[in-house]
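# Breakdown of the fold
One letter stands for each residue in the lines below.
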Amino acid sequence: EKQIDKNKKLKSEECHDLCCISGNIASGKTTCLEYFSKTSDIEVLTEPVSKWRNVQGCNPLGLMYQDPSRWGLTLQTYVQLTMLDRHVLPMSTPVRMMERSIYSAKYIFAENLYKSGKMPEVDFAVLSEWFEWIIKNIAIPVDLIVYLQTSPQTCYERLKQRCRDEEKVIPLEYLESIHNLYEDWLIHHKSFEVPAPVLVIPADHDLKKMLHQYEENREKILMAHC
Ligand SMILES: Nc1ncnc2c1ncn2[C@@H]1O[C@H](COP(=O)(O)OP(=O)(O)O)[C@@H](O)[C@H]1O
Ligand SMILES: Nc1ccn([C@H]2C[C@H](O)[C@@H](COP(=O)(O)O)O2)c(=O)n1
């Protein structure tokens, strides 16, 4: 409750809009953000994937895909830190669009590692305590979650096309698990509290149709505040 109060206070005082673009791996989040980045007065923050691939010369993303039981906590701790860093950056424009959030890192990716038996219980407990501490003590306001809803098969095809080295080992089943966790969280409300209203955009379509849908939803996305 305290957290909700804090969020409201921050929102009414500053009247800024934070919209998180969420969805499965390779669902088109970065492409969507690139499109909106051409609009003035919008700040776009993509996920800091380059950091996850290179922290002081090490590659926790690659290590996690090679051996999730050993490196899952390492990656997710670093993801949590870098996402928090994104959330607390002071806003300099009326609207910020951000790729995913600290919530999806925990509720989707950490949860998936744990539920699939690839993250040991003690690792999950430590990560969970960190997460709970953060959301209790630091205001992380989100005004809107835009969910790019895709089929896992579409993501699998786009993932192969993108061809990121670390992700070559990802099977379709992994994308299906991530998809189910997103659906349970944002559509069926069966898992965790959703921190903001959700706008669902069907995202299996070709780029032309996607850009058309972004235009159709522009107002809703940019005017989620106040
Ligand atoms: N609507 C679309 N149709 C076909 N390919 C797409 C579409 N949107 C994105 N892509 C391509 O799919 C890959 C993943 O897209 P990206 O925006 O990087 O996804 P994400 O940021 O969600 O991981 C990229 O190669 C991108 O060019
Ligand atoms: N909490 C997270 C967030 C992301 N990842 C992985 C998934 C992808 O391989 C990569 C970047 O995701 P994308 O922006 O392409 O959807 O990072 C993770 O393992 N844990």
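Fair warning: this is a prediction, and the values are worked out from it, not measured in the lab. (Residues numbered from 1 in each chain as written. Chains lettered and ligands numbered in written order. Predicted model: local features only at pLDDT ≥ 70, side-chain atom pairs only at ≥ 80, totals over all residues. Heavy atoms only, no water.)

## As for the nonpolar core
Going by this rule: Buried Ala, Val, Leu, Ile, Met, Phe, Trp, Tyr and Cys residues form a nonpolar core when they are joined through side-chain atoms within 4.5 Å. Residue exposure (1.4 Å probe, protein chains only): buried if accessible area is under 20% of the type maximum, exposed if over 50%, otherwise partly exposed. To qualify as a helix, a DSSP run of H or I must reach at least 4 residues; to qualify as a strand, a run of E must reach at least 2; elements of each kind are numbered from the N terminus.
By size, the foremost hydrophobic cluster in this structure holds 47 residues, and its most contacted members are Ile-25, Trp-52, Ile-102, Tyr-103, Tyr-174, Tyr-182 and Trp-185. Considering each element in turn, this core owes the most residues, eight residues, to helix 6 (residues 102-115).

## Remarks on the site of ligand 2
Rule in force here: In these notes, residues near a molecule or strand are those with any non-hydrogen atom within 4 Å of it. For this analysis, a polar contact is any N or O atom pair within 3.5 Å, provided that within protein one partner can donate a hydrogen and the other can accept it, and provided that sequence-adjacent residues contribute only side-chain to side-chain pairs. The protein chains shown are the only cover counted for residues, whose accessible areas, like all others here, come from Shrake-Rupley with a 1.4 Å probe. For each structure, a 1 Å grid was placed over the protein atoms alone; sets of points admitting a 1.4 Å probe that cannot get out are labelled cavities, open sets with protein on both sides within 12 Å along at least five of seven lines are labelled pockets, and lining residues have an atom within 4 Å of a point. Think of it this way: if more than half of a molecule's atoms are within 2 Å of a pocket's grid points, that molecule is in the pocket or cavity.
Near ligand 2 you find 19 residues, and of these Lys-29, Glu-47, Tyr-65, Arg-100 and Glu-167 are the closest. A distance of 2.8 Å separates an oxygen atom of ligand 2 from a polar side-chain atom of Lys-29. Contact with the protein chains hides 99% of the accessible area of ligand 2, taken as 450 Å² for the molecule alone. In this structure, ligand 2 is accommodated by the largest pocket. Of all the secondary-structure elements, those providing two or more residues to the shell around ligand 2 are helix 3 (49-53), helix 4 (60-66), helix 5 (68-87) and helix 6.

## Describing the UniProt feature "domain: Deoxynucleoside kinase" (unreviewed entry) in the protein
Inclusion rule: UniProt positions are given in the numbering used here, feature names are shortened, and annotations may be inferred rather than shown by experiment.
Within this structure's numbering, the places UniProt gives as "domain: Deoxynucleoside kinase" (unreviewed entry) are residues 20-222. Its end C-alpha atoms 11 Å apart, residues 20-222 is made of 56% helix and 12% strand.

## Side note on the environment of Ile-21
Quick note on the threshold: The contact criterion used is simple: two residues touch if any of their non-hydrogen atoms lie within 4.5 Å.
Tracing the chain through its elements places Ile-21 in strand 1 (residues 17-23). On the basis of relative accessible area, Ile-21 is assigned to the buried category, the value being 0%. Sequence separation between Ile-21 and Trp-185 is 164 residues; the distance between their C-alpha atoms is 14 Å. Beyond its immediate stretch of four places on either side in the chain, Ile-21 contacts Lys-29, Cys-32, Leu-33, Met-97, Met-98, Glu-99, Arg-100, Val-146 and Leu-148.

## Notes on the state of the cysteines
What counts is decided by this rule: Two cysteine sulfur atoms form a disulfide, by the criterion used here, when they sit within 2.5 Å.
Within this structure, the stated rule accounts for zero disulfides. Among the cysteines around Cys-155, which has no disulfide bond, Cys-32 carries the closest sulfur, lying 14 Å off. Given the relative accessible area of 0%, Cys-155 is considered buried. Take Cys-163: it sits in no disulfide, and the sulfur closest to it among the cysteines is that of Cys-155, at 16 Å.

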